[in-house]
Amino acid sequence: MAYDQFTVLKSTAVPLPIENVDTDQIIPARFLKATKREGFGDNLFRDWRYNNDDTPKQDFVLNNPIYSGKILVGGRNFGCGSSREHAAWAVYDYGFRCVVSSFFADIFKNNSMNIGILPVQVSDDFLDNIFKAIEANPSTELEINLPNQTITLLATGEQESFQINGYKKHNLMNGFDDIDYLQDMKEEIKVFAEKSRY
Amino acid sequence: MSSKPSSLFDKVWDSHVVRSIPDGPDVLLIDRHFIHEVTSPVAFLGLKTRGLNVVYPHRTFATADHNTPTINQHLPVADPLSANQLKALEENTSSYGISHWGLGNPKNGIVHVVGPENGITLPGMTIVCGDSHTSTHGAFGCIAFGIGTSEVEMVLSSQCIMQPRPLKMRINVNGQLQKGVTPKDVILYIISQLTAAGATGYFVEYAGSVFEQMSMEGRMTVCNMSIEMGARGGMIAPDNTTFNYIKGREKAPQGKDWDDALTYWKTLKSDEGASFDKEYHYDGASIEPMITYGTNPGMGVGISQLIPTAAEVGGGKSSFDKALAYMGFNEKENMLGKPVDYVFIGSCTNGRIEDFRAFASVVKGRKKAENVTAWIVPGSHQVEKQIRDEGIYDILTEAGFQLRQPGCSACLAMNDDKIPAGKYAVSTSNRNFEGRQGPGARTLLASPLVAAAAAVTGKVTDPRTLI
Ligand code: SF4
């Protein structure tokens, strides 16, 4: 078992209505020098979150105490850029378990699921409604139901279903990861690898 | 032979599927795995925690590049955190029997430069690395893509990766490129048309006469930036240009093995009538030297064009405005003539010999502009040697430039090569994200020719006026 199981998550959410949030913003390269997976949450969105003298930027959402929760809601094309899993670690380490957006970059999406964060892709309209609801009332709650594959704005009951393949869903619900799966098929891989061209 | 025409992508993918999981990903065998100091330590730590071994160490190759200094490489690395990462790579590779070209090794260099240079990258392979520009190797007709650290651990421990089969896109560019238009301009143009997310979920094949006539260096530049439009990777069918490039390289097959390989490699192309989920056609003759004005690689224009308005570009206005505010630019401004503080030529996008030849062709007989700081960073020691052997070094020095030592350098600014806040850098690398080249740095992505024109004039200049 590689991470906590994910089933139903009910939480307030932190809004970040910016498009194309890239991995260099999520965690700048200069914080990738660690050899352990520790402390990345402190540098999540470092350059948006802190001034050069390390004082918090008051207008950035993570520094605004009225917003909190285990769900991060981001603009379209969230997580584009580099393959650094450190970006997903930073999101997880900060305390988020789910990222909602209307579009995700591929590698970020894979990396997230590999460490137990659920990326939930919703329509542009639904995303807009979430942003509006949180703006109107920061204690608005969202419910993410993985078994049913639904996301609900609890204040209004407005709901959308989301896609996830059966394999990944099973993994997340049980806290399994791909490494566990591949270890189970070692023999099959060996036979295949030995007759491969390269 | 099956009757259904298949694409280059299908041929390579299908021959590597160990198992297809219903309603899930495919399990793909990985032929070559590159690792470097930044994204591998936690993977090795994971192996240890789980008590797993590296199953095929000879299929993995390590080089140090992301976090290495580009001056005085013979001295101990000053930054203790960087030094620690380099040490971790050395220890991990030696304890698992993985080949390691560390700092100081004559084969050291940027992972996506040294792989092809040494014949490790061969047509029809599956290649992964914990770096998104692994797509570079697609230039050889490989399925090559970047992975995260959990996946690095996966490949080390099983030689496999689990991937949903992506959709297929073909991008055709035909016609004659204008003078002064390089492969970098072609790919920046494509990304500006498709946007930074336009190919997300797809694997791209580049086809058409423009790519057929391109050198391997140029093809690598193009495939390198596939990720910048969201694609998992990009590939080009191997041909005689590919085979001539590979022949004789250290790890390339030889003798009978070469003949066998060649027979196979010649089958690696999309059949007539192969289907694609999306297809685009562009006219190569209409592409200008390109430059970016914003904070993602899709925000690029022909160098003689004005910065567009948010309405012309489409997408979110607030994000567009935020990008321009960061850059200190306004809609409808001219890119030509904008002052430039720094010029960076290097990276796995444009750090190969052809790029330095292009740079030198403009610089020759001119002088570096007073107001410009230039970082000239070869992609590998082999490239560095070629720069010296071909007399490019002398041209650079005469013009007032200095050559640094190989590494990723200002492409991601993990080492000391950081552009200061607020400064403008014309860069031949691949990303212009906020802070990519240092906190507050403002990046203008462009070709080596545009970089050279900026370096000698101190401002954004059309290289066609200098060649
Ligand atoms: S040069 Fe830049 S993009 Fe290329 S491998 Fe290094 S950091 Fe990654």
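Here, the structure is the one placed above.
Calculation notes
Residues numbered from 1 in each chain as written. Chains lettered and ligands numbered in written order. Predicted model: local features only at pLDDT ≥ 70, side-chain atom pairs only at ≥ 80, totals over all residues. Heavy atoms only, no water. Near = heavy atom within 4 Å. Nonpolar A, V, L, I, M, F, W, Y, C, P; charged D, E, K, R; others polar. Helix = DSSP H or I, 4+ residues; strand = E, 2+ residues; numbered from the N terminus. Expected span 1.5 Å × (residues − 1). Contact = heavy atoms within 4.5 Å. Pairing = 2+ DSSP bridges. Buried area = accessible area lost by both parts, 1.4 Å probe. Salt bridge = Lys/Arg side-chain N within 4 Å of Asp/Glu carboxyl O. Polar contact = N/O pair within 3.5 Å; in protein donor to acceptor, adjacent residues only side chain to side chain.

### So, the site of the ligand
As a structural note, the neighbourhood of the ligand is formed by His66(B), Ile110(B), His112(B), Asp131(B), His133(B), Ser347(B), Cys348(B), Cys408(B), Cys411(B), Leu412(B), Asn430(B) and Arg436(B). Of the residues belonging to the shell around the ligand, the class tally is five nonpolar, five polar and two charged.

### Some thoughts on helix H5 (residues 124-136) of chain A
A rise of 1.5 Å per residue sets the reference length of H5(A), with its 13 residues, at 18 Å; its end C-alpha atoms lie 18 Å apart and thus fit the reference within 8%. The elements touched by buried residues of H5(A) are strand E1 (8-16), strand E2 (71-74), strand E3 (98-101), strand E5 (141-145), strand E6 (150-153) and strand E7 (158-161) of chain A.

### Here we look at the pairing of E5(A)
Residues and elements named next belong to chain A. Pairing analysis gives five bridges linking E1 to E5, with the strands arranged antiparallel. Following the sheet pairing, Leu-9 is matched in E5 by Ile-144. Of the strand pairs in this sheet, E5 and E6 are connected by four bridges, and their pairing is antiparallel. Residue pairing across strands places Ile-144 opposite Ile-151, the latter belonging to E6. Joining the antiparallel neighbours E5 and E6 is a turn of four residues, in which Gln-149 adopts a positive phi near 55°.

### Examining the interface of chain B and chain A
Quoted interface sizes are often the accessible area lost when the parts come together. Taken together, the 72 residues of chain B in the interface contact 55 residues of chain A. Each partner contributes to the roughly 5,200 Å² buried at the junction of chain B and chain A, and carbon and sulfur atoms together form 58% of this total. Contact with chain A buries area across many residues of chain B, yet Arg19(B), Arg50(B) and Met162(B) alone supply 10% of it, more than any other trio. In this assembly, chain B and chain A are joined by five salt bridges. Ionic pairing is found between Glu188(A) and Arg19(B), a salt bridge with its closest N-O pair at 2.5 Å. At the junction of chain B with chain A, the criterion picks out 30 residue pairs in polar contact (both at pLDDT 80 or more). Elements that contribute at least two residues to the side of chain B that touches chain A include exactly strand E1 (17-20), strand E2 (26-29), helix H2 (41-50), helix H3 (80-96), helix H5 (149-158), strand E8 (160-163), helix H10 (255-265) and helix H12 (317-327) of chain B. The element that contributes the greatest number of residues to the side of chain B that touches chain A is H5(B), accounting for seven residues. Here the side of chain B that touches chain A is composed, by residue class, of 31 nonpolar, 25 polar and 16 charged.

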